Amino acid sequence: MLEMVKKWFWYDWIMLGLRLITSVSLILTTIRFQEGLALSLWIVIFWEISALSIPWICLQLNYKYYLFTEILLFGGLCVHLTSLFPEAFPSFLVSVFLIAANSARLSYHWTAPATVLVIPGIFYVVSPNNSYWVMVIYYGLAYVMGFTFHLLTVNHRQNETIRKQNAVLEQYMSQIERITLAEERNRMSRELHDTVGHAYTSIIMGMEAFRSELATEKGIQRLDSLLELGRKSLQEVRGYLHQMESPQQSLSLVQSLQKLGDEFQEHARVEVSFRAFGEEFRLSRQAKMAFIRCLQESLTNAVRHGQATDITVSLKFGDQDIRLEVHDNGRGMEEWQEGFGMNAMKERAMNLQGQVFVYTKPGAGTLVTCTLPRQAEMENDLIQLLIVDDQPFIRESLQVLLDKYQDLNVVGSAEDGEQAIDLCGRLQPHVVLMDLDMPRMNGSEATKMIKQQWPHIRVLIFTTFQDAEQALDLLRSGADGFLLKSAEPLELADTIRLIHRGGTLIDRGMSHKIFKKLDKSVKSTQLKAATNDYDLTNREIEILQLFAKGFRYKTIASKLYLSDGTVRNYASSAYIKLGVHNKEEAVQKALEIGIIVS
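Nothing here was measured: the structure is a model prediction, and the numbers come from that model.

Parameters at a glance
- Residues numbered from 1 in each chain as written.
- Predicted model: local features only at pLDDT ≥ 70, side-chain atom pairs only at ≥ 80, totals over all residues.
- Heavy atoms only, no water.
- Axes fitted to C-alpha atoms, helices over the stretch in contact; angles between N-to-C directions.
- Helix = DSSP H or I, 4+ residues; strand = E, 2+ residues; numbered from the N terminus.
- Parallel < 35°, antiparallel > 145°, perpendicular 65-115°, else oblique.
- Contact = heavy atoms within 4.5 Å.
- Nonpolar A, V, L, I, M, F, W, Y, C, P; charged D, E, K, R; others polar.
- Pairing = 2+ DSSP bridges.
- Buried < 20%, exposed > 50% of the residue type's maximum accessible area, 1.4 Å probe, protein only.
- Arc of directions from axis to C-beta.
- Core = buried A, V, L, I, M, F, W, Y, C linked by side-chain atoms within 4.5 Å.
- Disulfide = S-S within 2.5 Å.
- Expected span 1.5 Å × (residues − 1).
- Salt bridge = Lys/Arg side-chain N within 4 Å of Asp/Glu carboxyl O.
- pLDDT = per-residue confidence, 0-100.

Colleague: So what's going on with the packing of helix H19 (residues 538–548) against helix H22 (residues 583–593)? Residues and values would help.
Modeller: Contact geometry of H19 with H22 gives a least axis separation of 9 Å together with a crossing angle of 105°. For the element pair H19 / H22, the angle class is roughly perpendicular. Taking contact as the criterion, the partners of Leu-544, Phe-547 and Ala-548 in H19 are, on H22, Lys-583, Ala-586, Val-587 and Ala-590. Each residue belonging to the contact of H19 with H22 can be placed in one class, and the counts come to 6 nonpolar, no polar and 1 charged.

Colleague: So what's going on with the sheet that holds strand E2 (residues 310–317)? Residues and values would help.
Modeller: Reading across the sheet, the 5 strands line up as E1-E2-E3-E5-E4 and stay open at both edges, with mixed pairing between neighbours. Both edges of this open sheet fall to strand E1 (271–277) and strand E4 (355–361), since each of them pairs with a single strand only. If you compare each strand with its neighbour and ignore which way they point, the axes differ by 10° on average. As paired strands, E1 and E2 are joined by 7 bridges and run parallel to one another. Its bridge partner being in E2, Phe-277 is matched across the sheet by Lys-316.

Colleague: Run through the sheet that holds strand E9 (residues 458–463), naming residues and quoting values.
Modeller: Strand pairing in a sheet relies on backbone hydrogen bonds. The paired strands run either parallel or antiparallel. The strand order across the open sheet formed by 6 strands is E7-E6-E8-E9-E10-E11, and the pairing between neighbours is parallel. The two strands at the open ends of the sheet, each matched to only one other strand, are strand E7 (408–414) and strand E11 (505–506). As defined by bridge partners, strand E6 (residues 383–388) adjoins E7 across 6 bridges and the pair is classed as parallel. Residue pairing across strands places Gln-384 opposite Asn-409, the latter belonging to E7. Against the sheet, helix H13 (residues 392–402) makes contact with E6, E7, strand E8 (431–434) and E9, and its axis sits at roughly 175° relative to E7, the strand it touches most. Packed on one face of the sheet, helix H15 (residues 443–453) meets E8 and E9 and runs near 175° to E9.

Colleague: Account for helix H20 (residues 553–560), with residues named and values stated.
Modeller: The set of residues buried in H20 consists of Tyr-553, Ile-556, Ala-557 and Leu-560. Looking down the long axis of H20, one finds its buried residues gathered within 100° of arc, a one-sided arrangement. Positive backbone phi, approximately 60°, marks Tyr-561, located one or two places after H20.

Colleague: A description of the nonpolar core should follow, citing residues and the corresponding values.
Modeller: Within the largest apolar cluster, 39 residues are counted, with the highest numbers of intra-cluster contacts made by Phe-92, Phe-123 and Tyr-139. When residues of this core are traced back to their parent elements, those giving at least two are helix H2 (10–32), helix H3 (41–61), helix H4 (63–84), helix H5 (93–102), helix H6 (108–126) and helix H7 (132–210). Among the elements that line this core, the one with the most residues is H4, at 9 residues. With 35 residues, the next largest nonpolar core counts Ala-287, Leu-295, Leu-324 and Val-326 among its residues.

Colleague: Kindly report on the state of the cysteines, identifying the contributing residues and their values.
Modeller: Per the counting criterion, the structure on display carries 0 disulfides. Of all cysteine sulfurs, the one in Cys-294 lies closest to Cys-370, which takes part in no disulfide; the gap is 4.2 Å. With a relative accessible area of 1%, Cys-370 lands in the buried category.

Colleague: Tell me about helix H21 (residues 564–578), and please be specific about residues and values.
Modeller: For H21, which comprises 15 residues, the first-to-last C-alpha distance of 21 Å matches the rise-based estimate of 21 Å (1.5 Å per residue) to within 8%. For H21, the set of buried residues is Val-567, Ala-571, Ala-574, Tyr-575 and Leu-578. The arc that holds the buried residues of H21, viewed along the axis, is 105°, so those residues lie on one side. Pointing more than 90 degrees away from the buried face of H21 are the exposed residues Asn-569 and Ile-576. Just downstream of H21, Gly-579 is the residue with a positive phi angle, here 75°.

Colleague: Could you give an account of the environment of Ile-119, naming the residues involved and the relevant values?
Modeller: Position of Ile-119 relative to the elements: it lies in helix H6. Dropping the residues within four chain positions of it, Ile-119 is found in contact with Ile-71, Phe-92 and Ala-114.

Colleague: For the pairing of strand E10 (residues 481–484), give the residues involved together with the corresponding values.
Modeller: Where burial is concerned, the two faces of E10 agree: the one with Gly-481 and Leu-483 and the one with Phe-482 and Leu-484 are both buried. Of the strand pairs in this sheet, E9 and E10 are connected by 4 bridges, and their pairing is parallel. Residue pairing for E10: Leu-460 is matched across the bridge by Gly-481. With 2 bridges connecting them, E10 and E11 associate as parallel partners. Across the sheet, Phe-482 pairs through a bridge with Ile-506, a residue of E11.

Colleague: Mind laying out the pattern of salt bridges, listing which residues take part and the relevant values?
Modeller: Per the stated rule, a full pass over the model turns up 13 salt bridges. The salt bridge partner of Arg-458 is Asp-480, with a shortest N-O separation of 3.2 Å. Remark: Asp-480 occurs in the loop between helix H16 (468–477) and E10 and Arg-458 occurs in strand E9; sequence separation between them is 22 residues. Each member of the pair Arg-458 and Asp-480 is classed as buried. Linking Glu-540 and Lys-577 is a salt bridge whose minimum nitrogen-to-oxygen distance equals 3.1 Å. Linking Glu-540 in helix H19 with Lys-577 in helix H21, this pair joins segments that are 37 residues apart in sequence. Within the structure, one salt-bridge network assembled from shared partners comprises Lys-316, Arg-323 and Glu-325.

Colleague: If you had to explain the confidence of the model for the protein to someone new, which residues and values would you point to?
Modeller: As a general rule, the predicted coordinates of low-pLDDT regions are not to be interpreted in detail. When pLDDT is averaged along the protein, the result is 77, and 77% of the positions lie at 70 or above. A low-confidence stretch, residues 376–380 (pLDDT under 50), is modelled with 9 contacts involving residues beyond four sequence positions or located in other chains.

Here you go:
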């Protein structure tokens, strides 16, 4: 009941004030003229208090209950008093006003006749001294004034709803704009980092290689000057990239979510409480943005669709994951329907190996949970990397790309397999990024030797080649993953982390080719086993396969450039070997033992 009162507007207090003034004045008048009462004074006062309180309580539950109790209790009281005191009929005027003000939908069809025509008729019956039509005019004017007041309140409610929706939409658009700008900054930062950084690195490496071809001291000095300019420009570009970070990125995750909740509470005028549990640790920009986007979408849905007034946000930092929970007191729904925002939220989480769930029930509100796995980004959990590639600018570019991840540390680079094996023995890296096509010793041979000598070192094949047979041989030799060089930097970093944790990852396109290769290998093995058991020739199997497709002898003969008799001879030989009597039985048995496919 108290929660309902908190939602009252000024017109609700006006109607309560009218009811209180009317009831108090009626009680005082009753006490003053108690000698003329037919019932006990206390019974009449109890009736008056009941006529005040019971309809008011019913009004908080359902307006229909209010209308019935108001007419029966207060109307009955006024009829009783009018029968004793004919001049008491105006006491029902305020009640008529309130009935009209609280009527809605089709209730006007019966409340208007009941209060304007029927009840004055009852008053006239119990007190003929009063003019019926005068009472009808009084009650009619009171009902019209109440109806006008009702229209005013409806208009105010609609304006308030529109204002709240506008506030939510403004907040939503503000957050969309902020997140879009932040993502655009991040995208531009990554693009500049990858392209400009790579270009500068390639220029520097190219000029270093050109040093040996310069014969004069002046040429070497000019080259040194160019190299210094290139390195200085590269540092300046990196500095600009750091300055491009949005102000949101400078805040911690807890601070960002707290700020988002406070701003939403201020604009949408709903209660948003935020709690954080556990010790906060650093997250990647992508993970941080996913949580911010999840909270923003959940808050907006809670108000726009659930009409919530109180929202609780909980952020829990665990040993293995981070969990965001957004629980509202809205109306909930029978079946959750996902829109564009929720699908985008789930896609963000899936890209980070996380999950988003929505639990909702009518009358119980909605709970949205977003869980992302914790990734190693602590100083004592650095993943030591060894880059193996015969192209110097690729080695340098990979190091530039991976340097921005705090949990990845490139400890060395090698230009061929022999140098990679030597560095593995001295540096003991956690993960080796291995190219395949290299001079002296290729990546395939180096991978086999590394896994034989140091089984604990993880090897991720990072190449441009898409040979399924070679990839299958590498995986059999102990390679822990296979990724193409066309992969995005974030995908590469996540794959390195996965490989380091003991997982295995194969590029999606390559995995399809490898599985097809394995499937063909298995089928080929099964086919050879089946044919060996029945001693069928390839021609006999080919004819059985054509039988299974519905071809006749003459059609098969024309397809295989054989005579009709020769085809029948091959078929008869297959029947004998399979132990069957006709074409249908031969096809069925060949399908059962796996010699042919349907």
